[in-house]
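Survey of secondary and tertiary structure
In case you want the letters, here they are:
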Amino acid sequence: MLEMVMFYVFATAAVISAVMVVTKKNPVASVFALIITFMSIAGLYAALSAHFLAIIQILVYAGAIMVLFLFVVMLLDLRKDEFFFSTQKSIKILGIAIVCVLLAEIYTISQNIHIPSASGAFAEAYSGPGGNTAAIGRLLFTTYLLPFELTSVLLMVAIIGAVLLSRRR
Amino acid sequence: MTLNHYLVLSGLLFIIGAVGVVIRRNALIIFMSIELMLNSVNLLFVAFSKYLNNLSGQVFVFFVMTVAAAEVVVGLAIIVLIFRNKSTVNVDEINLMKW
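Now for the overall build of chain B. The secondary structure content of chain B amounts to three helices and zero strands. N-terminal to C-terminal, the α/β element order of chain B is α-α-α. In terms of C-alpha radius of gyration, chain B reaches 17 Å, well past the compact-globule figure of 13 Å for 99 residues. Burial statistics for chain B: of 99 residues in total, 63% are counted as buried. Counting only carbon and sulfur atoms, one obtains 73% of the accessible surface of chain B, whose full area is about 3,700 Å². Taking the 6 positively charged and 4 negatively charged side chains of chain B as two groups, their mean positions are separated by 1 Å.

Another aspect to go through is the interface of chain B and chain A. Between chain B and chain A, the residue contacts involve 73 residues of the former and 84 residues of the latter. Note on chain B versus chain A: buried area summed over both sides is about 7,000 Å², and carbon and sulfur give 78% of it. The tally of links from chain B across to chain A stands at nine residue pairs in polar contact (both at pLDDT 80 or more). Put simply, the parts of the chain that give the side of chain B that touches chain A at least two residues each are α1 (3-23), α2 (27-51) and α3 (56-86) of chain B. Its residues assigned to classes, the side of chain B that touches chain A comprises 49 nonpolar, 17 polar and seven charged.

Within the fold, Leu96(B) resides in the segment after α3. Taking the C-alpha atoms as reference points, Leu96(B) and Asn42(B), 54 residues apart in sequence, are found 34 Å from one another.

In this section: the packing of aromatic side chains. Going through the model one piece at a time under the given rule, you end up with 13 aromatic pairs over all chains. Ring plane angle 70° and centroid distance 4.9 Å describe the contact between Phe141(A) and Phe148(A), whose orientation is recorded as edge-to-face. Ring plane angle 90° and centroid distance 6.4 Å describe the contact between Phe60(B) and Phe63(B), whose orientation is recorded as edge-to-face. With a gap of three residues between them, Phe60(B) and Phe63(B) both fall in helix α3, about one helical turn apart. Owing to a relative accessible area of 10%, Phe63(B) belongs among the buried residues under this scheme.

Moving on to helix α2 (residues 27-47) of chain A. All names here are of chain A. Over its 21 residues, α2 extends 30 Å from the first C-alpha to the last, a length consistent with the 30 Å expected when each residue adds 1.5 Å. When you tally the buried positions in α2, you get 15 out of 21 residues, the bulk of the element. Of the residues trailing α2, serine 49 is marked for its positive phi of about 55°.

With that settled, consider a nonpolar patch on the surface. Together, Leu146(A), Leu150(A), Val153(A) and Val157(A) line one region of the surface with nonpolar side chains, adding up to about 400 Å² of accessible area. Tracing the sequence through the fold places Val157(A) in helix α7 (residues 145-166).

Right, let's talk about the nonpolar core for a bit. Residues Tyr45(A), Met66(A), Phe69(A), Leu76(A) and Leu28(B) are the most contacted members of the largest nonpolar core, which totals 71 residues. Elements represented by at least two residues in this core include exactly α1 (2-23), α2, α3 (51-75), α4 (89-112) and α6 (133-141) of chain A together with α1, α2 and α3 of chain B. Residues in contact with Tyr45(A), not counting those within four places in the same chain, are Ala50(A), Leu53(A), Ala54(A), Gln57(A), Asn39(B), Asn42(B), Leu43(B), Val46(B), Val61(B) and Met65(B).

With that settled, the discussion passes to the packing of α6(A) against α3(B). Helix-helix packing is characterised by the crossing angle of the two axes and by the distance between the axes. Relative orientation of the contacting elements α6(A) and α3(B) amounts to 75°, with a least axis distance of 10 Å. Taken together, α6(A) and α3(B) sit at an angle that is classed as roughly perpendicular. Between α6(A) and α3(B), the residues in contact are Ile136(A), Leu139(A) and Leu140(A) and Ser56(B), Gln58(B), Val59(B), Phe62(B) and Phe63(B), respectively.

Cut-offs applied
- Residues numbered from 1 in each chain as written.
- Chains lettered and ligands numbered in written order.
- Predicted model: local features only at pLDDT ≥ 70, side-chain atom pairs only at ≥ 80, totals over all residues.
- Heavy atoms only, no water.
- Helix = DSSP H or I, 4+ residues; strand = E, 2+ residues; numbered from the N terminus.
- Rg over C-alpha atoms; globule rule 2.2 N^0.38 Å.
- Buried < 20%, exposed > 50% of the residue type's maximum accessible area, 1.4 Å probe, protein only.
- Areas by Shrake-Rupley, 256 points an atom, 1.4 Å probe, with all protein chains shown as cover.
- Lys, Arg positive; Asp, Glu negative; His and termini not counted.
- Charge placed at Lys NZ, Arg CZ, Asp CG, Glu CD.
- Contact = heavy atoms within 4.5 Å.
- Buried area = accessible area lost by both parts, 1.4 Å probe.
- Polar contact = N/O pair within 3.5 Å; in protein donor to acceptor, adjacent residues only side chain to side chain.
- Nonpolar A, V, L, I, M, F, W, Y, C, P; charged D, E, K, R; others polar.
- Phe/Tyr/Trp six-rings, centres within 6.5 Å; stacked < 30°, edge-to-face > 60°.
- Expected span 1.5 Å × (residues − 1).
- Patch = residues over 30% accessible without salt bridge, like charges linked within 9 Å, V, L, I, M, F, W, Y side chains within 5 Å.
- Salt bridge = Lys/Arg side-chain N within 4 Å of Asp/Glu carboxyl O.
- Core = buried A, V, L, I, M, F, W, Y, C linked by side-chain atoms within 4.5 Å.
- Axes fitted to C-alpha atoms, helices over the stretch in contact; angles between N-to-C directions.
- Parallel < 35°, antiparallel > 145°, perpendicular 65-115°, else oblique.

Listed below in structure tokens is the structure:
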């Protein structure tokens, strides 16, 4: 019951604010709408008993990444005419076509997919008191050790790239 | 809650992001729409992780978040550079690499 209420509340908030991200003309408003979307998705993670990811979603996405976005939006002196949608007619037709095709795809998939639902094991092992952070950490440092170390290299490359790009020559 | 609820929600968010990439001309909004699409896929990963009783999906979300963070850092640096050179972020006017 609680999960159902959480799902519908957060899903509605996520979809409405996602539409606002795309339709708002002011980029700052878009950034704030996107923050609400990320918060709602964090709530959905919590409803799915993914505690670690719910916190990381708020810390990394709604916190760090969106602050970076907001910073850049306010840094750039954007002219008013750049806030608008594309004026080309072919782009609009393409947008409508994408919506139709993907909606049809979602309908087909949601009608035909049948995944056996979760047994009790997940709830006991990963969603008890204390959360699933320890379980994820164990997985990261055993099965996924190499990808985990590679992400540190990736972040290093990103830092160097950002510094090199923003340096004034 | 069945898996289909999450499938449909994730699909809706992905559609909104994809349409945002297509119809908006502001490079920053396009970038935010890409983040939206990444998040919809993350949501699907977590939903499948729960319903298939397998924690690997949540580890993958962790990796996707890391890649997204790196992408945002470099992408925003590029956007700032473009704005510095051409004083616009309208992607219709940034066609230097079109042939």
